Amino acid sequence: MSQKPKTIFEKIWDAHVVKRAEGYPDALFIDRHFIHEVTSPQAFDGLRQRGIPLFNVSRTTATADHNVPTKDQHLPIKEALSRHQVETLRKNCKEFGVELYDLGHPFQGIVHIIGPELGLTQPGMTIVCGDSHTSTHGAFGSIAFGIGTSEVEQVMATQCILQYKPRTMKIEINGTLGKGVVSKDIILYIISRISASGATGYFVEYAGSAISGLSMEARMTICNMSIEMGARGGLIAPDETTFNYLKGRRFAPQGAAFEKAVGQWKQLATDEGAVYDKVLQYDAADIAPMITYGTNPGMGMKVTDRIPTQHELKEISEQASFVKSLEYMGLEQGTPLLGKPVDYVFIGSCTNARIEDLRLVAGIVKGKKKAAGVEVWVIPGSKQVEEQAIREGLDKVFAEAGFELRSPGCSACLGMNEDKVPAGKYCISTSNRNFEGRQGPKSRTFLASPLSAAVAAITGKVTDVREFI
Amino acid sequence: MSKEKFITLISGAVPLPVENIDTDQIIPARFLKATTREGFGENLFRDWRFDANNQLIEGFVLNNKSYSGKILVAGKNFGCGSSREHAAWAIHDYGFKVVISSFFADIFKNNALNNGVLPLVVSDSFLKRLFDLIAATPTAQITVDLQNQQVKLPDGTSEAFEINAYKKTCLMNGYDDIDYLLSLRTEIRAFDQAHA
Ligand code: SF4
């Protein structure tokens, strides 16, 4: 073996380069393309103008998620523009022959939840979607990243996009996670350490014993938020956990073909001696339940910490943005968040709306009741998650606690559908972004794990989950 | 769709010295419901430009008539967050041709370039100088010379900037990535069949 050792990222990338020409970015072949109603209409228009079909329609799957209501999904969408966007997707998918998991379909759900649960997402693949959280699919050991609509059109038209190979970063976490610490805390911790732009230009590989010990659901939560530190994407090498998860899933290879695929997937590991452009290491024992206090996901801290003051920031240039951010949040520098009352609790989004997340929440709230005056929404990531939750009786646990279990969609993760957090209100949210107005104009978001969100729903305020378990 | 050609731009600049400006600020999600590419400029920085009653917020720089031009100058990590190309469309539709910052988020950078908007990376110190200069002289004319990859200030100082050679050619000629990819269709078909 005289070949240069490669990272898993390089192996997958190199295997998908259709053409590498001097002076051009690589033409990268895309195995799987997911589309949704928001970022696809202009791309379909482009095809129509050129008079061309999709290059290989069997590699594209569509769903409706961003604009959909989470109540009364069988009725027409009330808001005219949202309805128009979903209807446009319907019309486009029909005209171009794209498989669509529309409202009412048993496979409908948030695009990054349904791909994995249907087995469409597989190790070694290149996967794109006009959505930055496409990085979620990297949990299976694939190169998955978000693209803009011009690129959606490129993939539709040619099954390729033009890309420069990003640099590689390894983030290694070893050791054992403490009590009450879950994968959401790991990723919030990493981002708080390296900032919202700390991995820009890189493709991250997560590794180490604290990562390989995680379930697929938990791995997806981590990869999902890779984009929140600027990374192009993030992946985890596939292993037995991955193969077990995929076995028997609808679009995964079946029978002998599955065994053969596993044999190939096992090759997808970083070679001994392969070099990353950057390596970071953290100790799992140092991670505590996390919460964000500001308006980007890098502004996070241990739930027991206090918000820093502007003078504690590393760079003076950051002070103005920091002050602006706290003003938006209505919070004081140097104060703790513990005990801060919350108005809304949102458990959902492509970060934390899988069955395991719902089980975590149900486990901790069972037999308890939400605090008076707090509105609690539990939004399953997909129709399949919703049905599974009902099969397991989680719906009853939620109902007894006063949590509202609704139908799948992006919901209050972004203020685009009916579910919005009102101006000035505080929401503890399991989603991935705390940007100004993200959950509705002037809404204020604390990002946290499903466990932390669940206990806040019970106490009505920011709480250290470790006091509860 | 090929774009207008970009060679040299001489223009005033609009300063927005805020860091980590995310795509939800550039164009809030509730304005992403259009199914065409037009008209997003109206809602660029919507919640910074207008209050809850749709009244102009006087203090915001886009509402300040002292500043105008086709160059937006912003703090580092501009365009982080979502992959929505609507952010690039809004900036383009509003009339900006260049965004200058010391750091851009990756997807935004691609989206801007795919829409004929140049994301121009300068050093932190040059960015600071630029902000100071615009504060002192709001009408200062900045020259962006793409051919020679130089950004020049009226005081005669300048800084070289990097741009990928391929992307530069595309901008200068109004080319689109898709034209190149379409020319590879036969090779792609063979690849697809081999990997079915
Ligand atoms: S749940 Fe939120 S982050 Fe995920 S795809 Fe939907 S809007 Fe985007």
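Engineer: I'd love a proper account of unusual backbone geometry, names of residues and values included.
Structural biologist: Look at Lys442(A): it is not a glycine, yet its phi comes out positive at around 65°. Mapped onto the fold, Lys442(A) is located in the loop between strand S18 (426-429) and strand S19 (444-447). Judged by its relative accessible area of 42%, Lys442(A) falls in the partly exposed class. Positive phi is not limited to glycine here, since Gln149(B) has a value of about 55°. Note that Gln149(B) resides in the loop between strand S6 (142-145) and strand S7 (150-152).

Engineer: How would you sum up the domain arrangement of chain A? Please name residues and give values.
Structural biologist: Residues and elements named next belong to chain A. Each assigned domain of chain A is listed with its residue range as follows: domain 1 (8-163) and domain 2 (315-467). Facing the 26 residues of domain 1 at the interface are 24 residues of domain 2. Its largest share of buried area at the contact with domain 2, domain 1 owes to Thr70, Ile110 and Ile113, together 31% of the area lost on that side. For the pair domain 1 and domain 2, the number of links is 1 salt bridge. Put simply, lysine 71 and glutamate 404 hold a salt bridge, and the shortest N to O gap is 3.3 Å. Counting the contacts that link domain 1 with domain 2 gives 12 residue pairs in polar contact (both at pLDDT 80 or more).

Engineer: Can you explain the packing of helix H2 (residues 41-50) of chain A against helix H3 (residues 80-96) of chain A? Please cite residues and give values.
Structural biologist: Packed helix pairs are specified by the crossing angle of their axes together with the interaxial distance, meaning the distance between the axes. All names here are of chain A. Packing of H2 against H3 brings their axes to within 10 Å, and their N-to-C directions diverge by 35°. Helix-helix and strand crossings are classified by hand; for H2 and H3 the assignment is left-handed. Facing H2, whose interface residues are Pro41, Phe44, Leu47 and Arg48, H3 presents Thr88, Lys91, Asn92, Glu95 and Phe96. Of the residues assigned to the contact of H2 with H3, the class counts are 4 nonpolar, 2 polar and 3 charged.

Engineer: I'd like a rundown of the sheet that holds strand S4 (residues 98-101) of chain B, residues and numbers included.
Structural biologist: All names here are of chain B. Strand order across the open sheet formed by 4 strands is S2-S3-S4-S5, with parallel pairing between neighbours. Two strands in the sheet have a free side with no partner beyond their single neighbour: strand S2 (13-16) and strand S5 (118-121). Going across the sheet, the axis of each strand differs from the next one's by a mean of 20°, ignoring polarity. One ladder, built from 4 bridges, connects S2 with strand S3 (residues 71-74); its direction is parallel. Bridge pairing in S3 links proline 15 to valine 73. Where helix H5 (residues 124-136) meets the sheet, its contacts fall on S2, S3 and S4, and the angle it forms with S3 comes to roughly 120°.

Engineer: Describe in detail the sheet that holds strand S17 (residues 404-405) of chain A, supporting the description with residues and values.
Structural biologist: Residues and elements named next belong to chain A. Read from one edge to the other, the open sheet built from 5 strands follows the order S17-S16-S15-S18-S19, with strand pairing classed as parallel. Bordering the open sheet on either side are S17 and S19, each of which pairs with just one other strand. Bridge count between strand S15 (residues 344-347) and S18: 3 bridges; the pairing is parallel. Across the sheet, the residue bridging to phenylalanine 346 is serine 429, located in S18.

What counts and what doesn't
Residues numbered from 1 in each chain as written. Chains lettered and ligands numbered in written order. Predicted model: local features only at pLDDT ≥ 70, side-chain atom pairs only at ≥ 80, totals over all residues. Heavy atoms only, no water. Helix = DSSP H or I, 4+ residues; strand = E, 2+ residues; numbered from the N terminus. Buried < 20%, exposed > 50% of the residue type's maximum accessible area, 1.4 Å probe, protein only. Domains from an automatic or database assignment. Contact = heavy atoms within 4.5 Å. Buried area = accessible area lost by both parts, 1.4 Å probe. Salt bridge = Lys/Arg side-chain N within 4 Å of Asp/Glu carboxyl O. Polar contact = N/O pair within 3.5 Å; in protein donor to acceptor, adjacent residues only side chain to side chain. Axes fitted to C-alpha atoms, helices over the stretch in contact; angles between N-to-C directions. Left-handed = near helix turned anticlockwise from the far one by under 90°. Nonpolar A, V, L, I, M, F, W, Y, C, P; charged D, E, K, R; others polar. Pairing = 2+ DSSP bridges.

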